Amino acid sequence: MEGTVFAPSLEGMKHVKSVDGVMLAKPFLEVCKLILPVLDKFGAAMSIVKSDIGGNIARLESKYASDPLKFEHLYSMVQVEVESKTAKGSSSCTNGLLWLTRAMDFLVELFRNLLEHPDWTMSHACTESYSKTLKKWHGWLASSSFTVAMKLAPDRKKFMEVICGSGDINADIEKFCTTFAPLLAENHKFLASVDLDDLKAS
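It should be emphasised that the depicted structure is a prediction, and the values quoted were computed from it without experimental measurement.

> What is the right way to read the overall build of the protein chain from this model?
A count of helices and strands for the protein chain gives nine helices and zero strands. Scanning the protein chain from its N terminus toward the C terminus, one meets helices and strands in the order α-α-α-α-α-α-α-α-α. Relative to a compact globule of 202 residues, whose C-alpha radius of gyration would be 17 Å, the protein chain shows 17 Å and is just as compact. Dimensions of the protein chain, computed from C-alpha atoms along their principal axes, come out at roughly 50 × 40 × 25 Å. The proportion of buried residues among the 202 residues of the protein chain is 47%.

Written out as structure tokens, the structure is:
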């Protein structure tokens, strides 16, 4: 593998915004897709997260494909739903973007933990990240499933060897966290501006 498992998504992040600084739908979703192979390396521990992310990407991609010109900007999908008062529906694109962003928050936090706490086990790093990001939005059922899944987290040392490839893994994790976090924060800021950043799972 050329470079680390993060190399493709880091390249993709350079193209997520238009020249005038607007978040573009297709490139943003592409970056999220490029992160899925990283999740594969976790094995069973991340299967719920992966299917959740995959489902939300598919929902947003299908909306984008319905009118690529109209939905070139990521937030236009949300604006249309806000206007038609369908944004809070469980199958809305707004809901999809919100949960996709939250799942990515979890991953950024997880990799930040792996970087800053070399002594933590993988399941400890996962649990801490979950508590800081997704947990407060999850109901009891989702929370329980997540807790069980985290017990299946792979051995940290083996995992790091697998994602390393031929690159400098710590430098790429650092880049991934510092580049992606502000983009995710921008999504939250926009969702908060239309009062939709605090929806909870049923």
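There is more to say, and it comes next.
> Help me out: how do you make sense of the pattern of salt bridges in this one?
Pairs can form between side chains of opposite charge once their charged atoms are near each other. Scanning the entire structure with this criterion turns up 10 salt bridges. One salt bridge connects lysine 50 with aspartate 40, and the closest N-O pair in it is separated by 2.7 Å. Linking lysine 50 in helix 3 (residues 47–66) with aspartate 40 in helix 2 (residues 25–40), this pair joins segments that are 10 residues apart in sequence.

> What's the story with the environment of serine 143 in this structure? I'm lost.
In this fold, serine 143 is placed in helix 7 (residues 140–150). Each C-alpha atom of the pair serine 143 and lysine 14 lies 34 Å from the other, and the pair is 129 residues apart in sequence. The contacts of serine 143, once residues within four sequence positions are left out, are Tyr130, Lys135 and His138.

> I keep staring at the state of the cysteines and nothing clicks. Help me out?
Two cysteines, two sulfur atoms, one covalent bond between them: this is a disulfide. Under the counting rule described, the total for this entry stands at zero disulfides. With no disulfide of its own, cysteine 93 has cysteine 32 as its nearest cysteine by sulfur position, at a separation of 14 Å. When its relative accessible area of 4% is taken as the criterion, cysteine 93 is described as buried. You can see cysteine 126 has no disulfide; the closest cysteine sulfur is in cysteine 177, sitting 13 Å from it.

> Is there a simple way to explain unusual backbone geometry in this structure?
As a rule of thumb, non-glycine residues mostly have phi less than zero, and peptide bonds are mostly trans rather than cis. Although it is not a glycine, lysine 85 adopts a positive phi angle of roughly 60 degrees. Residue position: lysine 85 is located in the loop between helix 4 (76–83) and helix 5 (93–116). Of note, the phi angle at aspartate 195 is positive, near 60 degrees, even though the residue is not glycine. Residue position: aspartate 195 is located in the segment after helix 9 (169–193).

> How do you make sense of the nonpolar core when you look at a structure like this?
Soluble globular proteins tend to bury their nonpolar side chains together. By size, the foremost hydrophobic cluster in this structure holds 67 residues, and its most contacted members are Phe6, Phe28, Ile53, Phe111, Phe176 and Phe180. Looking at this core, the element that brings in the most residues is helix 5, giving 13 residues. Those residues in contact with phenylalanine 28 that sit more than four places away from it in its chain are Val16, Met23, Leu74, Leu97, Leu100, Phe180, Leu184 and Asn187.

> Even after reading the chapter, I still don't get helix 6 (residues 122–132), so can you show me in this structure?
An α-helix turns once per 3.6 residues; consequently, residues spaced three or four apart project the same way. Listing the buried residues of helix 6 in full gives Met122, Ala125, Cys126, Ser129 and Tyr130. When helix 6 is viewed along its axis, its buried side chains cluster within an angular range of 130 degrees and face the same direction. Where helix 6 is buried, its residues meet helix 5, helix 7 and helix 8 (156–164).

> Would you mind going over the environment of methionine 77 with me for this structure?
Along the chain, methionine 77 falls in helix 4. Along the primary structure methionine 77 and glycine 43 are separated by 34 residues, whereas in three dimensions their C-alpha atoms are 32 Å apart. Apart from residues no more than four positions distant in its own chain, methionine 77 is found in contact with Ala25, Leu60, Lys63, Tyr64, Phe71 and Cys93.

> Is there a simple way to explain the side chain of serine 129 in this structure?
Turning to its location among the elements, serine 129 is positioned in helix 6. Within the structure, serine 129 has its side chain in polar contact with the backbone oxygen of alanine 125 (distance 2.6 Å). For serine 129, the contacting residues outside a window of four places in its chain are Phe106, Glu109, Leu110 and Asn113.

What counts and what doesn't
- Residues numbered from 1 in each chain as written.
- Predicted model: local features only at pLDDT ≥ 70, side-chain atom pairs only at ≥ 80, totals over all residues.
- Heavy atoms only, no water.
- Helix = DSSP H or I, 4+ residues; strand = E, 2+ residues; numbered from the N terminus.
- Rg over C-alpha atoms; globule rule 2.2 N^0.38 Å.
- Buried < 20%, exposed > 50% of the residue type's maximum accessible area, 1.4 Å probe, protein only.
- Salt bridge = Lys/Arg side-chain N within 4 Å of Asp/Glu carboxyl O.
- Contact = heavy atoms within 4.5 Å.
- Disulfide = S-S within 2.5 Å.
- Core = buried A, V, L, I, M, F, W, Y, C linked by side-chain atoms within 4.5 Å.
- Arc of directions from axis to C-beta.
- Polar contact = N/O pair within 3.5 Å; in protein donor to acceptor, adjacent residues only side chain to side chain.

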